[in-house]
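Residue strings, one per chain:
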Amino acid sequence: MSNVDRRQLGHTGGPMEDELEEAFDRQLGEGVQRLHRPWREILVTGFFGGTEVAIGILAFLLVLEQTDSHLLAGLAFSIGFLALLLGHSELFTEGFLIPVLTVAARRASWAQMLKLWGGTLAANLVGGWLMMWLIVAGFPSLAAPLVGSGSHFAMAPLSVQSLSLAVLAGAVITLMTRMQHGTDSMPAKIAAAVAAAFLLAGGQLFHSVLDSLLIFGALHTGEAGFGYGQWAQWFAYTVVGNVVGGLGLVTLLRLVRSKERLQMEWSSVRGEQEQRGEPGS
């Protein structure tokens, strides 16, 4: 069926199915707001993202200590993702779909996206580092599961397996973002958060922020057999894998699917620029 037919049959009048049109509008509207934040808002939102993920890690460790089951602990970790969802804070890897879509629609610049990524990542790590210090100080009994979990990641060599786990983690977190912005149903958004948490934490995928906090916690105990140098090496290739998974396996395909809708946005942007007397992009 042609695009013209779909426009006539749907109630949105756009080139995609109505549900995809509505999701596109939601994502673009949120992306414009997020990418035009000043530094203060980016850093504060990112800091809260790090502290809230650390709360999920606390739940993960408490369950892991009692059950020795990563799968059950992964379900408990979903508290962290629910806090991110309901508290409207920001996690670095959540920025692989909506900000890129917004830049592709020419509603924001690449510089603004890099500002969001860099500020959010740094603030996530700072907030998480601080909260993990508090967790270690408050729950000394969690030292053993922390050192075991942190060592699992920090001591992992660069290999096909570790890179694959990083790519999968990036794909899972970006898929969660896509699912949550594909619906207005809060129960559905919560289900997506729980499912992604189960896969990431329960499956021990290599997530640059989540697992960095486990590593920080292990270092805070003073019992880890590694240092910040090993963390930096692990973090470097894990970030790359997360970006490849989030952008390559989810976001780019979403942009291909939305090609006609993006072209409509480009025309709209050009029209707005002409009305303001600005040169076209």
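The rules behind these values
Residues numbered from 1 in each chain as written. Predicted model: local features only at pLDDT ≥ 70, side-chain atom pairs only at ≥ 80, totals over all residues. Heavy atoms only, no water. UniProt positions renumbered as here; feature names shortened; annotations may be inferred. Helix = DSSP H or I, 4+ residues; strand = E, 2+ residues; numbered from the N terminus. Buried < 20%, exposed > 50% of the residue type's maximum accessible area, 1.4 Å probe, protein only. Contact = heavy atoms within 4.5 Å. Phe/Tyr/Trp six-rings, centres within 6.5 Å; stacked < 30°, edge-to-face > 60°.

Identification of the chain as Formate/nitrite transporter family protein from Georgenia thermotolerans is taken from an unreviewed UniProt entry. Within the UniProt record for the chain, the comment given under Subcellular location (unreviewed entry) is "Membrane".

Participant: I would appreciate a short explanation of unusual backbone geometry in the present structure.
Facilitator: In most cases, non-glycine residues show a negative phi, while peptide bonds are predominantly trans. Backbone geometry at Arg106 places phi at a positive 65°, although glycine is not the residue there. Along the chain, Arg106 turns up in the loop between α5 (98-104) and α6 (110-138). For Arg106, a relative accessible area of 35% puts it in the partly exposed group. With phi around 55°, Gln204 is a residue other than glycine that occupies positive phi space. Along the chain, the position of Gln204 falls in the loop between α9 (186-202) and α10 (210-221).

Participant: Just checking my understanding: could you explain the side chain of Thr45 for this structure?
Facilitator: Locating Thr45 in the fold gives a position in helix α3 (residues 39-67). If we ignore the near neighbours within four places in the chain, the residues touching Thr45 are Arg37, His88, Ser89 and Glu90.

Participant: Just checking my understanding: could you explain the packing of aromatic side chains for this structure?
Facilitator: For any pair of aromatic rings, geometry is given as the distance between the ring centres together with the angle between the planes. Considering all chains together, one arrives at eleven aromatic pairs under this definition. Judged by centre distance (5.8 Å) and plane angle (85°), the ring pair of Phe96 and Trp117 falls under edge-to-face. One end of the pair, Phe96, is in the loop between α4 (70-87) and α5; the other, Trp117, is in helix α6, with 21 residues separating them in the sequence. Just as Phe96 is buried, Trp117 falls in that class too. Seen in terms of ring centroids, Phe206 and Trp234 are 6.0 Å apart; in terms of plane orientation they differ by 50°. Their pairing is tilted. Of this pair, Phe206 sits in the loop between α9 and α10 while Trp234 sits in helix α11 (residues 228-257), and the two are 28 residues apart along the sequence. Grouping residues by exposure puts Phe206 and Trp234 together as buried.

Participant: I tried to follow the UniProt feature "transmembrane region" (unreviewed entry) in the chain on my own but got confused; where do I start?
Facilitator: The residues that UniProt annotates with the feature "transmembrane region" (unreviewed entry) are residues 42-64, 116-136, 156-176, 188-206 and 234-256. Measuring from the first to the last C-alpha atom of residues 116-136 gives 30 Å, for a span that is 100% helix and 0% strand. From the first C-alpha to the last, residues 234-256 spans 32 Å; its make-up is 100% helix and 0% strand.

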